[in-house]
Amino acid sequence: MPNVLVYTPTWEVGPGYAIHPDCEAAIKAQRDTFDGKVDWCIGLENPYPIGQHRNVLAQYQKAQEILLADDYYDALLTVEHDNVMTRPDTLQLMYDTPADVVYAPYQLRHGAFVLNTWQYINDVNLGMPLNNYPEELALYKAAGVGRICGCGMGCTLFRRHTLERIPFRGGDGEQWGKRT
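For the structure given in this document, a descriptive report is provided here. (Residues numbered from 1 in each chain as written. Predicted model: local features only at pLDDT ≥ 70, side-chain atom pairs only at ≥ 80, totals over all residues. Heavy atoms only, no water.)

This paragraph deals with the sheet that holds strand 5 (residues 75–79). The strand order 4-1-5-10-6 describes an open sheet built from five strands, whose pairing is mixed. In the strand order of this sheet, the two ends are held by strand 4 (37–43) and strand 6 (101–103), each with one partner. Averaged over all neighbouring strand pairs, the angle between strand axes comes to 20 degrees, with direction disregarded. In this structure, strand 1 (residues 3–9) lies alongside strand 5, joined through four bridges in parallel fashion. Each residue of the ladder has a partner; that of V6, found in strand 5, is L77. Sitting on the sheet, helix 1 (residues 21–33) is in contact with strand 1, strand 4 and strand 5, with an inclination near 155 degrees to strand 4. (Pairing = 2+ DSSP bridges. Helix = DSSP H or I, 4+ residues; strand = E, 2+ residues; numbered from the N terminus. Axes fitted to C-alpha atoms, helices over the stretch in contact; angles between N-to-C directions. Contact = heavy atoms within 4.5 Å.)

With that out of the way, let us pick up the pairing of strand 7 (residues 117–120). Sheet topology places strand 7 next to strand 9 (residues 148–150); three bridges connect them, and they run antiparallel. Looking at the pairing, T117 lines up with G150 of strand 9. Here strand 7 runs beside strand 8 (residues 126–129); their pairing, made up of two bridges, is antiparallel. Paired with W118 across the bridge in strand 8 is P129. Two successive antiparallel strands, strand 7 and strand 8, enclose a turn made up of five residues.

Next up on the list: the pattern of salt bridges. One pass over the structure, following the stated rule, counts seven salt bridges. With a shortest N-O distance of 3.3 Å, K62 and E65 are connected by a salt bridge. One end of the pair is K62 and the other is E65, both in helix 2 (residues 54–68) and three residues apart, which spans about a single turn. Taking the shortest distance from any N to any O, the salt bridge between R147 and D123 comes out at 3.1 Å. Taken as a pair, R147 in the loop between helix 4 (134–143) and strand 9 and D123 in the loop between strand 7 and strand 8 lie far apart in primary sequence, 24 residues in all. Among the residues examined, R147 registers a relative accessible area of 52% and is labelled exposed. Linked by salt bridges that have partners in common, D71, R160 and E164 make up one network. (Salt bridge = Lys/Arg side-chain N within 4 Å of Asp/Glu carboxyl O. Buried < 20%, exposed > 50% of the residue type's maximum accessible area, 1.4 Å probe, protein only.)

Our focus in this paragraph is the nonpolar core. Residues V6, L77 and V79 are the most contacted members of the largest nonpolar core, which totals 19 residues. Counting residues per element, the ones that place at least two in this core are strand 1, helix 1, strand 4, strand 5, helix 3 (90–96) and strand 10 (155–159). Within the second largest apolar cluster, twelve residues are counted, among which are L5, M153, F158 and F168. (Core = buried A, V, L, I, M, F, W, Y, C linked by side-chain atoms within 4.5 Å.)

Taken together, the side chains of W11, V13 and I50 define a hydrophobic patch exposed on the protein surface, amounting to about 260 Å² of accessible area. Inspection of the secondary structure puts V13 in strand 2 (residues 12–13). (Patch = residues over 30% accessible without salt bridge, like charges linked within 9 Å, V, L, I, M, F, W, Y side chains within 5 Å. Areas by Shrake-Rupley, 256 points an atom, 1.4 Å probe, with all protein chains shown as cover.)

Strand order in the open sheet formed by three strands is 8-7-9, and the pairing between neighbours is antiparallel. Looking at which strands have only one partner, the edges of the open sheet turn out to be strand 8 and strand 9. The average undirected angle you get between the axes of adjacent strands in this sheet is 45 degrees.

Below, the structure is given as structure tokens:
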């Protein structure tokens, strides 16, 4: 039976957390449909003032540290505090997908109106958002899966062996997360 760590990076607000109530409900619903054990960790690793992007990297490094602390967890699912999984079986679908890193599609915020799933070009370059390629997007929707370049970690599953090999690390300037 698989064991998955769900990690939601956030911060404290008054007597609670800055987690959207629908996000919390969606995460709790995954426990009822996943064929395994689900532990939810609310990440509060914010060594910098709230709003600074450096906290994003610190949060994901903490999640990786927790997962790698022992051999218990098989995968890490990151769910940002304002992301809502619209299906109660999202985790199961992602876990059953044969890939090292699995993205659940969602719309990027801040007025971008594009999906976080970008066209796969090669192992180095990012393509454009799949919204720009409706035929390819339709094929992936019909199949329920497709190889993409991910953008963001709002709802992303990482297999343990991937996190054992690739650490989250900082980039240049304001790019606090960067592929190694």
